[in-house]
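Each chain, written out:
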Amino acid sequence: MTAQLACMTDDVPVAGTLRVELEGETGPVEVAVVRDEAGEWHAISDVCSHGAVSLSEGEVEDCTVECWLHGSRFDLRSGKPLSPPAVRPVPVYPVTVDGERVLVDVDAPL
């Protein structure tokens, strides 16, 4: 599969997130599309590796997103947890912005 339309650029504010569900090779994939404070685009699994809750409901700071339930922060570039209680990374996906369209490839995690 290739990159899919996840959203439009106007759908995600700077330092904001949007939960989308995309179709992967093995079924639906929950993705948090994130625009960091610098305006850069990221796509990360929407499911926290610690508590199985939505990361798209968390706060964006610099190049991280915080899990709203237990406070773990994840690096948006690598998916690595930066604070406990999470210890496992979450998948990160390639993002392409084509004009107003934000495209994500869930079948090619970084």
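Just above, that's the structure.
Quick notes on the rules
Residues numbered from 1 in each chain as written. Predicted model: local features only at pLDDT ≥ 70, side-chain atom pairs only at ≥ 80, totals over all residues. Heavy atoms only, no water. Salt bridge = Lys/Arg side-chain N within 4 Å of Asp/Glu carboxyl O. Helix = DSSP H or I, 4+ residues; strand = E, 2+ residues; numbered from the N terminus. Buried < 20%, exposed > 50% of the residue type's maximum accessible area, 1.4 Å probe, protein only. Disulfide = S-S within 2.5 Å. Lys, Arg positive; Asp, Glu negative; His and termini not counted. Contact = heavy atoms within 4.5 Å. Pairing = 2+ DSSP bridges. Axes fitted to C-alpha atoms, helices over the stretch in contact; angles between N-to-C directions.

Engineer: I would appreciate a short explanation of the pattern of salt bridges in the present structure.
Structural biologist: Pairing between side chains of opposite charge can happen when their charged atoms approach one another. Enumeration over the complete set of coordinates arrives at six salt bridges. Glutamate 30 is the partner of arginine 19 in a salt bridge, and the nearest nitrogen-oxygen pair spans 3.3 Å. One end of the pair, arginine 19, is in strand 2 (residues 16-24); the other, glutamate 30, is in strand 3 (residues 27-35), and 11 residues separate them in sequence. Arginine 19 gets classed as partly exposed once you look at its relative accessible area, which sits at 39%. We note a salt bridge from arginine 101 to aspartate 98, for which the minimum N-O separation is 3.6 Å. Residue arginine 101 is classed as partly exposed on the basis of its relative accessible area, which comes to 36%.

Engineer: Explanation requested: the state of the cysteines in the structure shown.
Structural biologist: Should the sulfur atoms of two cysteines be covalently bonded, the bond is a disulfide. All chains considered together, the criterion is met by zero disulfides. The structure places no disulfide on cysteine 63, whose sulfur is separated from the nearest cysteine sulfur, that of cysteine 7, by 17 Å. Taking the relative accessible area as the measure of exposure, cysteine 63 reaches 12% and is therefore buried. Looking at the unpaired cysteine 67, the closest cysteine sulfur is the one in cysteine 48, lying at 3.8 Å.

Engineer: Help me out: how do you make sense of the side chain of aspartate 36 in this one?
Structural biologist: Relative to the assigned elements, aspartate 36 resides in the loop between strand 3 and strand 4 (41-45). Buried charge without a salt bridge: aspartate 36, with arginine 77 as the nearest opposite-charge side chain at an N-O distance of 6.7 Å. Filtering out sequence-adjacent residues up to four positions away, aspartate 36 remains in contact with Val14, Ala15, His42, Val60, Asp62, Cys63 and Leu76.

Engineer: What's the story with the sheet that holds strand 10 (residues 101-104) in this structure? I'm lost.
Structural biologist: Sheet strands line up and pair through hydrogen bonds in the backbone, either parallel or antiparallel. Judged by pairing direction, the sheet is antiparallel, and its three strands sit side by side in the order 1-10-9 without closing on themselves. This sheet does not close on itself; its edge strands, each paired only once, are strand 1 (4-8) and strand 9 (95-98). Across the sheet, the mean angle separating the axes of adjacent strands is 30° when strand polarity is ignored. Pairing geometry for strand 1 and strand 10, over four bridges, is antiparallel. When the bridges of strand 10 are listed, methionine 8 appears paired with arginine 101.

Engineer: For this particular structure, what's the right way to read the sheet that holds strand 4?
Structural biologist: Strand order in the open sheet formed by four strands is 2-3-4-8, and the pairing between neighbours is antiparallel. At either end of the open sheet lies a strand with only one pairing partner, and these are strand 2 and strand 8 (92-93). Of the strand pairs in this sheet, strand 2 and strand 3 are connected by nine bridges, and their pairing is antiparallel. By the bridge assignment for strand 3, glycine 16 is matched with arginine 35.

Engineer: Sorry if this is basic, but what is going on with the pairing of strand 4 here?
Structural biologist: Every other side chain in a regular strand lies on the same face of the sheet, so the side chains alternate between the two faces. Of all five residues that make up strand 4, five are buried, and the element is covered over most of its length. Pairing of strand 3 with strand 4, which is carried by five bridges, proceeds in the antiparallel orientation. Within the sheet, the bridge partner assigned to valine 31 lies in strand 4 and is serine 45. Hairpin connection from strand 3 to strand 4: five residues lie between these consecutive antiparallel strands, with glycine 39 at a positive phi of about 90°.

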